[in-house]
Amino acid sequence: MPLSEHEQRMLEQMERALYAEDPKFATALEGSGLRTYTRRRVYQAVAGIVVGIALLMTGVIWQSVLWISVVGFLVMLACTVLVVTGWRKAPKPGEQPVSGSAGGSARGQNRQRRSMMARIEERWQRRRDEQGQ
C-alpha cells in the first residue's frame, strides 16, 4: 500500500529537515558509508589473521609457552569469521546509488532520495505484514 500524497510530502519535509540539521547523520542513515566501513573492518580482520599467525608461529618456536599458539589460533579463527561475515554484508557496487560529480547534481540527489524512500516504504510494508500475521 503506497503512501498518500500528504504522507509523502510530510516524509520529504522530515527528510529535508534531517539533511539540513545533521547532514552527516542523514548520510549515515542512507547507508553510503556502509561499504567503506565494511571494507575497513575486513582489512582490520585480515591484519588480525596475520597477527594470529605470528602468535601461532611464536608459540611453535618457543615450545615452553604453548598457550601463545592457542591464543594465536583463536585470534586467527575469530578474525576469519569477521572477514567472512563482513564480506557477505558488504553491499555490491551496483546496489547503492553512486554520487555524481564533486558539485553534486540535483538528479543524483533525487535518485538517492527516491532509493531512501523506497527502502523506508519496504520497511514499513514489512512491519505491517509482520504485525498482521
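Every value quoted in this text rests on a predicted model; they were computed, and no experiment measured them.

## What to know about the overall build of the protein
A tally of helices and strands in the protein yields 5 helices and 0 strands. Counting helices and strands in the order they occur from the N terminus, the protein gives α-α-α-α-α. Residues classed as buried in the protein amount to 17% of the 133 residues present. Relative to all contacts within the protein whose residues are 6 or more apart in sequence, the contacts with residues 24 or more apart total 60%. Accessible area of the protein: about 10400 Å², with a carbon and sulfur share of 62%.

## Brief notes about the UniProt feature "transmembrane region" (unreviewed entry) in the protein
Per the UniProt record, "transmembrane region" (unreviewed entry) is found at residues 42-61 and 67-87. Within the segment residues 42-61, helix and strand shares are 100% and 0% respectively, and the terminal C-alpha atoms sit 29 Å apart.

What counts, and at which threshold
- The numbering scheme is per chain: residues are counted from 1 as the chain's sequence reads.
- Note on the predicted model: pLDDT of at least 70 is required for a residue's local features to be given, and 80 or more for side-chain atom pairs to be given and counted; whole-chain, interface and lining totals, by contrast, use all residues.
- Calculated side-chain values reflect all of the structure's heavy atoms, with hydrogen atoms and water omitted.
- Secondary structure is summarised from DSSP: a helix means a run of H or I of at least four residues, a strand means a run of E of at least two, and numbering begins at the N terminus for each.
- In this scheme, a residue with accessible area under 20% of its type's maximum is buried, one over 50% is exposed, and one in between is partly exposed, where area comes from a 1.4 Å probe on protein chains only.
- Here, two residues are considered to be in contact whenever any of their heavy atoms come within 4.5 Å of each other.
- For every accessible area listed, the method is Shrake-Rupley and the probe measures 1.4 Å; residues are considered covered only by the protein chains on display.
- UniProt positions are given in the numbering used here, feature names are shortened, and annotations may be inferred rather than shown by experiment.

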